[in-house]
Amino acid sequence: MATILVTGGAGYVGCVLCRMLLEAGYQVRIFDRLYFGEDPLEGIISNPDLELVRGDIRRLDDFPHLLDDVDAVVHLAGLANDPSCDLDPEVSLDVNITATRRLAERAKEAGIERFIFSSSCSVYGRGEVDLLAEDSEKKPVSVYAMTKLTAERELCDLADDKFAPVILRYATLFGPSPRMRFDLAVNQLAAGAIKKRKILVFQGGRQWRPFVHVQDAARACIMSIEAPVGKVRGDVFNVGRDDNNWQIVELARLVKERFPEADLEEVPGDEDRRSYRVSFGKIREMLGFEAKYTVEDGLEHVREMFDDGVIADPEADIYFNVRLLSKLRDMPAVTGGEPTSARFIPFAYPSIAGGEPASAHYLPFVSPSIGEEEEQEVLDTLRSGWLTTGPKVGRFERQFAEYVGAANAVAVSSCTAALHLSLVAAGVSPGDEVITSPLTWAATANVVIHQGATPVFVDVDRSTLNIDPALIERAIGPKTKAIIPVHIAGLPCEMDAIQAVADKHGPCVIEDAAHALGAQYRGKNIGTISEFTCFSFYPIKNITTIEGGMITVAEEGIADRLRVLSNFGMSKDAWKRYSKEQPSGYHPPEVVYPGYKYNMTDVQASLGLHQLEKLAGFIAARERYAQVYDRAFADVDEIELPALPAHLKHALHLYIIILDIDRLKITRNEFIDALRAENIGAGIHFVSLHLHQYYRERYGFRPDDFPNANYLSDRIISLPLYPKMTEKNAHDVIVAVKKIINHARK
Ligand SMILES: Cc1ncc(COP(=O)(O)O)c(C=O)c1O
């Protein structure tokens, strides 16, 4: 059966229409902001043929699948009377015109032919007393009428042999609906007569109005869906019945006849500038539509609602669009209001609660940017026949050293290898201790253990996620041989303070700069500060050689030693040291230390050469997206962003947010699941090492030994941040995060 998308399906007409459509066997997808709640859908909400998508019509792009498998669209969503539109004309244009056009364009792109639009007879505005037909002159006198007329015209401009907009100009509605309104003349007069025994005549009463029962309005919609498309394509129909044209004062008299115990009362005020009597001949002749209900019927139907006890207080705000809208407008966003456009986002359901995923396609947490230059260079290397360590590694080392401003750079197979070799070169041996942060990747501490030494963890600063320099000194003992500060996410550690402690007590400093290529500490590039700095070129890092690492060092002698260590401990120059004379002829290299196979290959270096050239552009893109995130999350109470002290330049390898899980109903891990459901990948950097099984068991750590690392371990999330993503991707991430927070807020 055909699927009908009904925007505003929980509104006054919408919830009547959706019931009729379901009864007629249609599948119905409602798109509604649910401004007035879900109650109007009671009784149908769990119908298997009904789908409910909660969203704002202005944010259609957040709902990429909204039109999937839809056969026709009925567009009812909008601001639906003069005072509501007067609240904020700019918002009214957005909602009633821009969003309508966008929805129609998307429907047309999706090949959905029929598009029913609910307009209003108020486009006739200050009309004549003669009956007005569809082509009569329009004299809109309100923002509301103007938005409807403009939207009509824009829709008709889109009509062609594949797209058939149908404009239904409704007379003023009346009659009972599960989403009741008492800001409509007939309903209001009846309610006043019943509840207050007063029939109030506003604005002089001489103005004419046509009326249509909400059930008839819904039926006209269905007829427009079902009529032969040729009869309705790009056409406009007034919807009502001729004998439902009433002068307001006459209507009041009619109400008096029906409710004789109530008194007529004129409410002083300006005369209504709108007055129109409308002909409904066209829809009758062309579509055979006859409105079933008279105003008299409507009065009786409203009376029945009161008799049935459905309405307690017809004066309640819920029955008056403008009152509820102005309330919502003034309410802070955290309690459901909508003062700024960024805050419209939370009204969408997260995917875990049945909403549309924020992103149509899976956005991986990270994806490397490898271009043709890299491909060509790799191909060139493969074809050269020299695959492993060779001239390109040498070139890469020189270019890297130059980029960073370091005297020497030694390329190796990974950052893990870089850290390990640095420890070896620094003379760390069994029984020694090495201080580092527990909030790091396993590599940092594993290599200490590989050397037979003991990792000594020092807690991190909660706001930077980096090792707390004030705590390092306390951890230093006679066995401390090295300190490994880890620049988490690319934010440099407090190097002056760390170096000062090292100078005082003697250990050497080995920076784990796996994340920090491109970062600066007090204007100095990371890679130029300590004895050893280790970088990573793993695929998610700021540049990649697939696997790969680099060590920058100031002293050439140490660089030579690192190269020997990375290549089995073989030295070509060994003979120099062991022979007194300059020998001639071939001299095989000698093992001078039981070294490692940690060399980088020319294939890896081929990638690195070009990645390095692109690094500045990569970081600029990361900065751009990080700023977009910063702005979006600045006012979200449940998110804390790590500090960025002014003397540090962040390399923006990772964009980490700290979730205030105490304010949320879900855990960080569930949050990541919810992000995945939104088609957004995410990571955790990191769960503190002292919480991992091996470290727990070997060293007897308890969670509270490092309270800040422990605290952060179940609160941090890394969001996608990489040059290849787009602004739209960043926006999707923001939408996803905000939707989930809004849903999960305690
Ligand atoms: C902080 C840190 N140190 C070291 C490493 C090890 O780097 P690699 O994978 O290049 O060995 C990583 C890897 O992600 C890391 O995040």
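Residues numbered from 1 in each chain as written. Predicted model: local features only at pLDDT ≥ 70, side-chain atom pairs only at ≥ 80, totals over all residues.

## Focus: the overall build of the protein chain
Right, on to step 1. Of regular secondary structure, the protein chain possesses 24 helices and 29 strands.
Right, on to step 2. Relative to the compact-globule value of 27 Å for 746 residues, the protein chain shows a C-alpha radius of gyration of 36 Å, a clear excess of over 25%.
Right, on to step 3. Projected onto the principal axes, the alpha-carbon positions of the protein chain cover approximately 125 × 55 × 45 Å.
Right, on to step 4. When the 746 residues of the protein chain are sorted by exposure, 51% land in the buried category.
Right, on to step 5. Partitioning the contacts of the protein chain with sequence separation of at least 6, the portion at a separation of at least 24 is 76%. (Helix = DSSP H or I, 4+ residues; strand = E, 2+ residues; numbered from the N terminus. Rg over C-alpha atoms; globule rule 2.2 N^0.38 Å. Buried ≥ 20, exposed ≤ 12 C-beta atoms within 10 Å, placed from the backbone. Contact = placed C-beta atoms within 7 Å.)

## Re the sheet that holds strand 1 (residues 3-7)
Right, on to step 1. Taking strand neighbours across the sheet as the criterion, the 7 strands line up as 3-2-1-4-5-7-11 in an open arrangement whose pairing is parallel. With one partner strand each, in any of the chains shown, strand 3 (50-54) and strand 11 (235-239) form the two edges of the open sheet. In this sheet, neighbouring strand axes are inclined to one another by 20° on average, regardless of whether the strands run parallel or antiparallel.
Right, on to step 2. Direction of pairing for strand 2 (residues 27-32) relative to strand 3: parallel, over a ladder of 5 bridges. Within strand 3, the residue paired with Phe31 across the bridge is Val53.
Right, on to step 3. Packing of helix 1 (residues 14-23) onto the sheet brings it into contact with strand 1, strand 2, strand 3 and strand 4 (72-75), and relative to strand 2 it is tilted by some 165°. (Pairing = 2+ DSSP bridges. Axes fitted to C-alpha atoms, helices over the stretch in contact; angles between N-to-C directions.)

## A short note on the environment of Thr436
Right, on to step 1. Along the chain, the position of Thr436 falls in strand 16 (residues 433-436).
Right, on to step 2. With 26 C-beta atoms packed within 10 Å, Thr436 lands in the buried category.
Right, on to step 3. The contact partners of Thr436, leaving out residues within four places of it in the chain, are Thr444, Ala445, Pro455, Phe457, Ile484 and Val486.

## Section: the site of the ligand
Right, on to step 1. Neighbouring the ligand are 14 residues; Ser414, Cys415, Thr416, Trp441 and Ser536 lie closest to it.
Right, on to step 2. Elements that contribute at least two residues to the shell around the ligand include exactly helix 14 (415-425) and helix 15 (442-450).
Right, on to step 3. Among the residues forming the shell around the ligand, the class breakdown is 6 nonpolar, 7 polar and 1 charged. (Near = placed C-beta within 6 Å. Nonpolar A, V, L, I, M, F, W, Y, C, P; charged D, E, K, R; others polar.)

## Some words on the confidence of the model for the protein chain
Right, on to step 1. Per-residue confidence for the protein chain gives a mean pLDDT of 92; residues scoring 70 or more make up 95%.
Right, on to step 2. Across residues 331-347 the pLDDT falls below 50, and counting only partners more than four positions away or on other chains, this stretch makes 30 contacts in the model. (pLDDT = per-residue confidence, 0-100.)

## What about the domain arrangement of the protein chain?
Interfaces are often sized by the accessible area lost when the parts come together.
Right, on to step 1. Parsing the protein chain into structural domains produces domain 1 (3-348), domain 2 (372-607) and domain 3 (614-744).
Right, on to step 2. Relative placement of domain 1 and domain 3: their C-alpha centres are 44 Å apart. (Domains from an automatic or database assignment.)

## What to know about the sheet that holds strand 22 (residues 532-536)
Right, on to step 1. Here 7 strands make up an open sheet; going across it, the order is 15-23-22-19-18-16-17 and the pairing mixed. Edge strands, defined here as strands with exactly one partner in the open sheet, are strand 15 (408-412) and strand 17 (454-457). Pairs of neighbouring strands in the sheet enclose a mean axial angle of 25°, with direction left out of account.
Right, on to step 2. Bridging between strand 15 and strand 23 (residues 549-553) involves 5 bridges; their strand directions are antiparallel. Of the residues in strand 23, the one forming a bridge with Val412 is Gly549.

## Points about the pairing of strand 16
Right, on to step 1. Burial along strand 16 is two-sided: Glu433 and Ile435 and Val434 and Thr436, pointing in opposite directions, are all buried.
Right, on to step 2. For the crossover that starts at strand 16, traverses helix 15 and ends in the parallel strand 17, the hand is right-handed.
Right, on to step 3. Pairing analysis gives 4 bridges linking strand 16 to strand 18 (residues 480-484), with the strands arranged parallel. By the bridge assignment, Ile435 is partnered in strand 18 with Ile483. (Right-handed = clockwise from strand over helix to strand, strands pointing away.)

## Observations concerning unusual backbone geometry
Right, on to step 1. In this structure, the amide linkage connecting His685 to the following residue, Phe686, adopts the cis form with an omega of 10°.
Right, on to step 2. Mapping Phe686 onto the fold places it in the loop between helix 21 (668-677) and helix 22 (693-699).
Right, on to step 3. Here the phi dihedral of Ala489 falls at roughly 70°; this positive angle occurs in a residue that is not glycine.
Right, on to step 4. Looking at the element boundaries, Ala489 is found in the loop between strand 18 and helix 17 (495-505).
Right, on to step 5. By the C-beta count within 10 Å, which is 23 here, Ala489 ends up buried.
Right, on to step 6. We note that Leu652 has phi near 50°; this positive angle belongs to a residue other than glycine.
Right, on to step 7. When the 27 C-beta atoms within 10 Å are taken as the criterion, Leu652 is described as buried.

## Thoughts on the nonpolar core
It is characteristic of soluble globular proteins that their nonpolar side chains tend to be buried jointly.
Right, on to step 1. Ranked by internal contacts, the top residues of the largest apolar core, which has 118 residues, are Val412, Ala418, Leu421, Leu423, Cys534 and Ile551.
Right, on to step 2. For this core, the element with the highest residue contribution is helix 24 (residues 727-744), accounting for 9 residues.
Right, on to step 3. Both domains that furnish three or more residues to this core are identified here as domain 2 (372-607) and domain 3 (614-744).
Right, on to step 4. Core analysis: the second largest hydrophobic core is formed by 106 residues, Tyr170, Trp208, Phe211 and Val239 among them. (Core = buried A, V, L, I, M, F, W, Y, C linked by C-beta atoms within 7 Å.)

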